[in-house]
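For reference, the chains in residue letters:
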Amino acid sequence: MTDPSRIRNFSIIAHIDHGKSTLADRLLERTGAVEERDMRAQVLDDMELERERGITIKANAVRLDYTAGDGRTYRLNLIDTPGHVDFSYEVSRSLAACEGALLLVDASQGVEAQTLANAYLAIEAGLEIVPVVNKIDLPAAEPDRVAAELAGILGGDPSEVLRVSAKTGEGIDELLEAIVDRLPPPEGDPEAPLRALVFDSFYDTYRGVVSHVRVVDGRLEARRPVRFMATGLDAEADEIGIRRPAVEPVEVLDAGEVGYLVTGVKEIDLVRVGDTVTDAERPAAAPLPGYREPKPMVYSGLFPTDGDDFERLRDALEKLRLNDAALVYQPETSRALGFGFRVGFLGLLHMEIVRERLEREYDLDLVATAPSVAYRVELTSGETITIRSPQDLPEQGRIVSIAEPYVEAMMILPAEYVGTVMELAQSRRGEMGEMTYLSPERVELHYELPLAEIVFDFFDQLKSRTRGYASLDYEPSGYRPSDLVRVDILLNGQPVDAFSSIVHRSEAYRYGRAMVERLRELIPRQLFDVPVQAAIGSRIIARETIRARRKDVTAKCYGGDITRKRKLLERQKEGKRRMKMVGRVEVPQEAFISALRLEP
Amino acid sequence: MTVRLPDDPELAEEAAGLRSAYVHVPFCRRRCPYCDFAVVVDGDPGVDAGTEAYVDAVVAEIGMEAPGFGPLDAVAFGGGTPTFLRVDDLARILSALDRGFGLRPDAEVSIEANPEDWSDELGAGLVAAGFDRITFGVQSFREETLAFLGRLHDPEQAAGAVAGARWAGFRSVGVDLVYGTPGESIEAWQASVERALDLGVDHLSAYALTVERGTALSRAVAAGALPAPDPDLQADAFAVVDRACLAAGLRRYEVSNWARPGHHSRYNLSTWGGGEYVAFGVGAHDHRGGVRSRNVRRLDRYLAEIAAGRRPRAGSERIEGRLRELETTIVGLRRAAGVALEGLAATLVDHPEGRRLVEAGILAVRRGRVVVVDPMRTDAAARAVLSLSEADC
């Protein structure tokens, strides 16, 4: 059994692009886990999409053997964490598997909101934090300023902040020493019944569900019966092992150790992140604290542009779900878009990732409706229902009140942009909370905001108003009643379900106006005048008219042209066949897509 | 002989039974920026051979046509610029046609001409050669529009040519006009139309300026150097010419054609009715024995094929059965006379697509015929015909 005092479990908290993957590569290389010549840049981010977007979606754990300055060899378990707010629950579980964290900040950029949010999560979880300033080799680096900022946030001394360049390797040795010296070893009862935390779970086509676990108490042994305490699933530990990063099966994982577990289970639903694995024959009395069901926050309709692809979309979602317990969906029918699915996501990034994977890995061409949130509607019958799609909103007469989810948003931005950001937050119904100067130049700003506003365009607006310098993080802070209405968009008097949206009454006119103007531009002229209207219930709040097409004829048609003309008409007719009918109006699929893709 | 209106349904149906011939003369002094016809200008391959060699080739091609067609009710010379040829060359082709197929004594023999080519001698020569119908490519009586269209004549030349042709003794004198040229106001267009009508023309063709692929105009529009024609303004311009012609005693008998009674183009009415015709020259299309064939578009190839003793075909298509019915219905609907309420047309008006068109004020059933009542939207009806599945019929 490994002496727990020789184990260090840690993760790296960093903003996108601040160099986490490069640092991980450097640690792997310096500890000999991978040879320099075998080094594929950024070993840990193995999904294509992760590489491209520079983010880590799935946590991973690698064991490094490091012989420290004291002559002893330590087991360093580097636990990778997803970097984005959408995955904050997964972050919290990854952090729960560690005793310490490196807080890595780009020397040329300073602390970002998401980094800080994750650092706070780590501090709350009782982790020891080692602040590290990275990229000190850059010409624009300001290590002193950033170190002071970090020290200010963590309440420490700037001299405790390490300075490294993951790229050149400068400071890496000192960092490894600090991991051993400053991070505490795991504590746990090796004799108690097994309790291991599932901090990551993914589906492998050949092995079924593979989980990453941190053994807290007792020991996890190969070929022993295990139980997942939240889902109640009993299975056998077919294989356990570690990654270096190559997979290496082992017989035992002791208290304090980190590794993987394969049970042959095929349903990822049954092996959830945050669950506790115990010994089925000698179960622990209580699971580890902190388990939470994954909870979608953002919903969107996904429809194949080609109706024939519905089955392929269903298959693709099923496959993605194997790997993503947070992904929920159910079939949805739209008059405008045909058959598709209403899909729930953890947040906007999660939504984008899922959409991109569907399009890229499954070669689907999709239309996504505007993202919305889950509203709680109190009915005159006394009942309260939750609706996830604007179409599900009952008629006005049956509604007593509608409540919408709010979030506590934290933004970090250069002080010069405080005015414009406050203005933006105010215009999106934000209520200001605390404002803290992290340094004379940088401000941490808190707002209570409706999640729907963030989902709408808040983040893009924030970025554009601050030239990309602001960062945002948010967490749910409960529901509040709001004066919300559903704006319907009518084409020739017929509502187009895909364009209905629940918005604050004060925003209804703006939304309606924007949509009817956009559709007037996008929908080709028809045989007759087509009114495009925005309505709240039966009240029209905006109207435009697509004037009937007045000229639809070729000027000349003589003997020789007849074949050419017939072929031209055939092509036009084919184009027409691909249009969707909304009542008597022919709408090209592209018009729906463009209308939904543009920012409102 | 009773004179019948150009849009008379019986006239339209009878025209399908006419036999005609078309001769294409590709030469032009320069290429107009909007034109995508088969034309050649100085420097193009084959032009060096000269017009006489071309006329020889056309005469030779006429000799290659299988016998058994004719006699001819109509002969049309188009281009290009037919008057680029000398009158005796034109006469040579005419007599070759007469030898090959026979020309009815009352046959319509028409020619297109550019105003700048006009002279009283030319007119006298053409009439003497047997031409009884002339159409001038006037396009506009407005200087700026003529400049935009790259034309070489001025409004006064055009007016002089029309007046001269009347005196020369042509039975029918007509002009072609173009509407919807960017920068031309409705008022300016109306003035152009009225100038033409005041000259007493028997026939008027008015075409919406169209941006054809591969033309200089299309490149300029794509590059943003010129605005594209505005279809709404073109619809307005159509209403203007339609009203003015009616007031002047010319009736519309096709989307772009108006004529006084008795002065419709027999050749054109025949092609719109699905009638058969032979055709000779570069890029010419014929329709004979249920087959439509087209000649090569390049002059040098045309000459080479003829020299090798071959018909210079570029391709052909069988037009029969359902395809023939589709075509005659689509093209027939361009005529003011419309098509008989039978076959595809009858199916259409009972079909939801057809009913939509009726509701939208595009299609109507009148006196046992299906008629497009808003000619500016004829293609909507044509697409509806094409969309009728086999199962509908």
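Residues numbered from 1 in each chain as written. Chains lettered and ligands numbered in written order. Predicted model: local features only at pLDDT ≥ 70, side-chain atom pairs only at ≥ 80, totals over all residues. Heavy atoms only, no water.

Take the overall build of chain B next. Regarding its fold elements, chain B presents 15 helices and 15 strands. Referenced to the eigenvectors of the C-alpha coordinate spread, the extents of chain B come out at roughly 55 × 50 × 50 Å. With 393 residues in all, chain B has 58% of them scored as buried. Sequence separation of 24 or more characterises 70% of the internal contacts of chain B that already satisfy a separation of 6 or more. Accessible area for chain B stands at about 15400 Å²; split by element, carbon and sulfur atoms hold 50% of it. The positive charge centre, built from 43 side chains, and the negative charge centre, built from 57, are 3 Å apart in chain B. (Helix = DSSP H or I, 4+ residues; strand = E, 2+ residues; numbered from the N terminus. Buried < 20%, exposed > 50% of the residue type's maximum accessible area, 1.4 Å probe, protein only. Contact = heavy atoms within 4.5 Å. Areas by Shrake-Rupley, 256 points an atom, 1.4 Å probe, with all protein chains shown as cover. Lys, Arg positive; Asp, Glu negative; His and termini not counted. Charge placed at Lys NZ, Arg CZ, Asp CG, Glu CD.)

All names here are of chain A. Given a rise of 1.5 Å per residue, 13 residues ought to cover 18 Å, and the 19 Å separating the end C-alpha atoms of helix 7 (residues 310–322) matches this to within 8%. Here helix 7 has its buried residues at Phe-310, Leu-313, Ala-316, Leu-317, Leu-320 and Arg-321. Here the buried residues of helix 7 occupy an arc of 135° about the axis, which is enough to place them on one side. In this fold, the buried residues of helix 7 make contact with strand 17 (298–304), strand 18 (328–334), strand 19 (338–345), helix 8 (348–361) and strand 20 (366–368). (Expected span 1.5 Å × (residues − 1). Arc of directions from axis to C-beta.)

Let us now look at the packing of helix 12 (residues 321–332) of chain B against helix 13 (residues 343–350) of chain B. Residue and element names in this part refer to chain B. Running from N to C, helix 12 and helix 13 point in directions that differ by 70°, and their axes come no closer than 9 Å. Considering the angle they form, helix 12 stands roughly perpendicular to helix 13. On helix 13, the residues touching Arg-322, Glu-325, Leu-326 and Thr-329 of helix 12 are Gly-343, Leu-344 and Ala-345. When its residues are assigned to classes, the contact of helix 12 with helix 13 shows three nonpolar, two polar and two charged. (Axes fitted to C-alpha atoms, helices over the stretch in contact; angles between N-to-C directions. Parallel < 35°, antiparallel > 145°, perpendicular 65-115°, else oblique. Nonpolar A, V, L, I, M, F, W, Y, C, P; charged D, E, K, R; others polar.)

With that settled, consider the pattern of salt bridges. Under the counting rule described, the total for this entry stands at 81 salt bridges over all chains. Two residues, Asp117(B) and Arg29(B), come together in a salt bridge whose shortest N-O distance is 3.0 Å. With Asp117(B) in the loop between strand 3 (103–113) and helix 4 (120–129) and Arg29(B) in the loop between strand 1 (19–25) and helix 2 (51–64), this residue pair connects regions lying 88 residues apart in the sequence. Overall, Asp117(B) belongs to the buried group, its relative accessible area being 15%. Each of the salt bridges in this network shares a partner with another, and the network as a whole consists of Arg513(A), Glu517(A), Arg520(A), Glu521(A) and Glu544(A). (Salt bridge = Lys/Arg side-chain N within 4 Å of Asp/Glu carboxyl O.)

Next up on the list: the domain arrangement of chain A. All names here are of chain A. In terms of domain boundaries, chain A breaks down into domain 1 (4–182), domain 2 (195–279), domain 3 (298–371), domain 4 (376–482) and domain 5 (485–597). Listed per partner, the contact involves 25 residues of domain 1 and 17 residues of domain 2. If you sort the residues of domain 1 by the area they bury against domain 2, Ala-61, Arg-63 and Arg-93 come out on top, with a joint share of 29%. Counting across the domain 1 and domain 2 interface gives four salt bridges. Between Glu-257 and Arg-63 there is a salt bridge, and its shortest N-O distance comes to 3.1 Å. Secondary structure elements with two or more residues in the side of domain 1 that touches domain 2: strand 1 (7–14), strand 2 (61–67), strand 3 (73–79) and helix 3 (88–96). In terms of residues, the side of domain 1 that touches domain 2 owes the most to one element, helix 3, which gives five residues. Each residue belonging to the side of domain 1 that touches domain 2 can be placed in one class, and the counts come to 13 nonpolar, four polar and eight charged. (Domains from an automatic or database assignment. Buried area = accessible area lost by both parts, 1.4 Å probe.)

This part is about the domain arrangement of chain B. All names here are of chain B. Here chain B is described as being made up of domain 1 (9–272) and domain 2 (321–392). Taken over C-alpha atoms, the centre of domain 1 sits 28 Å from the centre of domain 2. On the domain 2 side, the residues contacting the 13 residues of domain 1 number 11 residues. At the boundary of domain 1 with domain 2, total buried surface from both sides reaches about 1100 Å², with 62% on carbon and sulfur atoms. On the domain 1 side of the contact with domain 2, Arg-252, Val-255 and Trp-272 bury the most area, a combined 42% of that side's loss. A salt bridge links Arg-335 to Glu-13; the nearest nitrogen and oxygen atoms lie 3.8 Å apart. Linking domain 1 with domain 2 are five residue pairs in polar contact (both at pLDDT 80 or more), by the criterion used here. Looking at the side of domain 1 that touches domain 2, the elements with two or more residues in it are helix 1 (9–15), helix 9 (231–247), strand 7 (251–254) and helix 10 (266–272). A class-by-class count of the residues in the side of domain 1 that touches domain 2 yields nine nonpolar, one polar and three charged. (Polar contact = N/O pair within 3.5 Å; in protein donor to acceptor, adjacent residues only side chain to side chain.)

Quick look at the environment of Tyr120(A) now. All names here are of chain A. Tracing the backbone shows Tyr-120 in helix 4 (residues 113–124). Since its relative accessible area comes to 28%, Tyr-120 is described here as partly exposed. Through-space distance from the C-alpha of Tyr-120 to that of Ile-153 is 9.9 Å; in sequence the pair is 33 residues apart.

Residues and elements named next belong to chain A. On the surface, Asp-306, Asp-308, Asp-363 and Asp-365 cluster together into a patch of negative charge. Mapping Asp-363 onto the fold places it in the loop between helix 8 and strand 20. Its relative accessible area of 60% is what places Asp-363 among the exposed residues. (Patch = residues over 30% accessible without salt bridge, like charges linked within 9 Å, V, L, I, M, F, W, Y side chains within 5 Å.)

Next up on the list: the pairing of strand 22 (residues 384–387) of chain A. Residue and element names in this part refer to chain A. Sheet topology places strand 21 (residues 375–379) next to strand 22; four bridges connect them, and they run antiparallel. In the strand pairing of strand 22, Val-377 is matched with Ile-385. Hairpin connection from strand 21 to strand 22: four residues lie between these consecutive antiparallel strands, with Gly-382 at a positive phi of about 95°. (Pairing = 2+ DSSP bridges.)

We now examine the side chain of Asn134(A). Residue and element names in this part refer to chain A. If you trace the backbone, Asn-134 turns up in strand 5 (residues 128–134). Residue classification places Asn-134 among the buried residues on the basis of a relative accessible area of 2%. Filtering out sequence-adjacent residues up to four positions away, Asn-134 remains in contact with His-18, Gly-19, Leu-104, Val-105, Asp-106, Ala-107, Val-164, Ser-165 and Ala-166.

Bringing the pairing of strand 11 (residues 233–236) of chain A into the picture now. Residue and element names in this part refer to chain A. Only one face of strand 11 is buried: it carries Leu-233 and Ala-235, and the other face, with Asp-234 and Glu-236, is open. In terms of strand pairing, strand 10 (residues 225–228) meets strand 11 through four bridges, oriented antiparallel. Pairing of Val-226 across the sheet is with Ala-235, part of strand 11. In textbook terms, the turn of a hairpin is the stretch between consecutive antiparallel strands, and for strand 10 and strand 11 this stretch comprises four residues, one of which, Gly-232, has a positive phi near 75°.

Time to look at the packing of aromatic side chains. Counted by the stated rule, this structure contains 15 aromatic pairs over all chains. Ring centres of Phe69(B) and Phe101(B) lie 6.2 Å apart, and the angle between their planes is 85°; this geometry places the pair in the edge-to-face category. Pair noted here: Phe69(B) is in the loop between helix 2 and strand 2 (72–79) and Phe101(B) is in helix 3 (residues 87–101), with a separation of 32 residues, a long-range link. Phe101(B) shares its class with Phe69(B); the two are buried. Here the aromatic cluster, defined as three or more aromatic residues joined through ring pairs, consists of Phe310(A), Tyr329(A), Phe339(A) and Phe341(A). Positioned over the ring face of Tyr479(A) is Arg376(A), at 3.8 Å from the centre of the ring. The residue whose ring lies beneath Lys556(A) is Tyr207(B), and the NZ or CZ to ring-centre distance is 4.3 Å. (Phe/Tyr/Trp six-rings, centres within 6.5 Å; stacked < 30°, edge-to-face > 60°. Lys NZ or Arg CZ within 6 Å of the ring centre and 35° of its normal.)

Contact with chain B, which involves 43 residues of that partner, is made by 30 residues of chain A. Taking both partners together, chain B and chain A bury about 3400 Å²; carbon and sulfur atoms supply 52% of that area. On the chain B side of the interface with chain A, the three residues burying the most area are Arg356(B), Arg383(B) and Leu386(B), jointly 21% of the side's total. On inspection of chain B and its partner chain A, the count reaches nine salt bridges. Broken down by secondary-structure element, the contributors of at least two residues to the side of chain B that touches chain A are strand 6 (203–208), helix 9, helix 10, helix 12, helix 14 (352–359) and helix 15 (378–387) of chain B. With seven residues, the top contributor of residues to the side of chain B that touches chain A is helix 15 of chain B. Along the lines of polarity and charge, the residues of the side of chain B that touches chain A split into 20 nonpolar, nine polar and 14 charged.

This part is about the sheet that holds strand 15 (residues 369–372) of chain B. All names here are of chain B. The three strands lie next to each other as 13-15-14, forming an open sheet whose pairing is antiparallel. Of all strands in the sheet, those bounded by a partner on one side alone are strand 13 (339–340) and strand 14 (363–366). Across two bridges, strand 13 lies against strand 15 in antiparallel orientation. By the bridge assignment for strand 15, Ala-340 is matched with Arg-369.

A rise of 1.5 Å per residue sets the reference length of helix 11 (residues 505–522) of chain A, with its 18 residues, at 26 Å; its end C-alpha atoms lie 26 Å apart and thus fit the reference within 8%. All of the buried residues along helix 11 of chain A are Ala508(A), Tyr511(A), Gly512(A), Arg513(A), Met515(A), Val516(A), Arg518(A) and Leu519(A).

Phe77(B), Ile93(B), Leu97(B), Ile134(B), Phe136(B) and Leu204(B) are the most contacted members of the largest nonpolar core, which totals 85 residues. Apart from the residues within four sequence positions on either side, Ile134(B) is in contact with Ile111(B), Ala113(B), Trp118(B), Leu126(B), Ala165(B), Phe170(B), Ser172(B), Val173(B) and Gly174(B). (Core = buried A, V, L, I, M, F, W, Y, C linked by side-chain atoms within 4.5 Å.)

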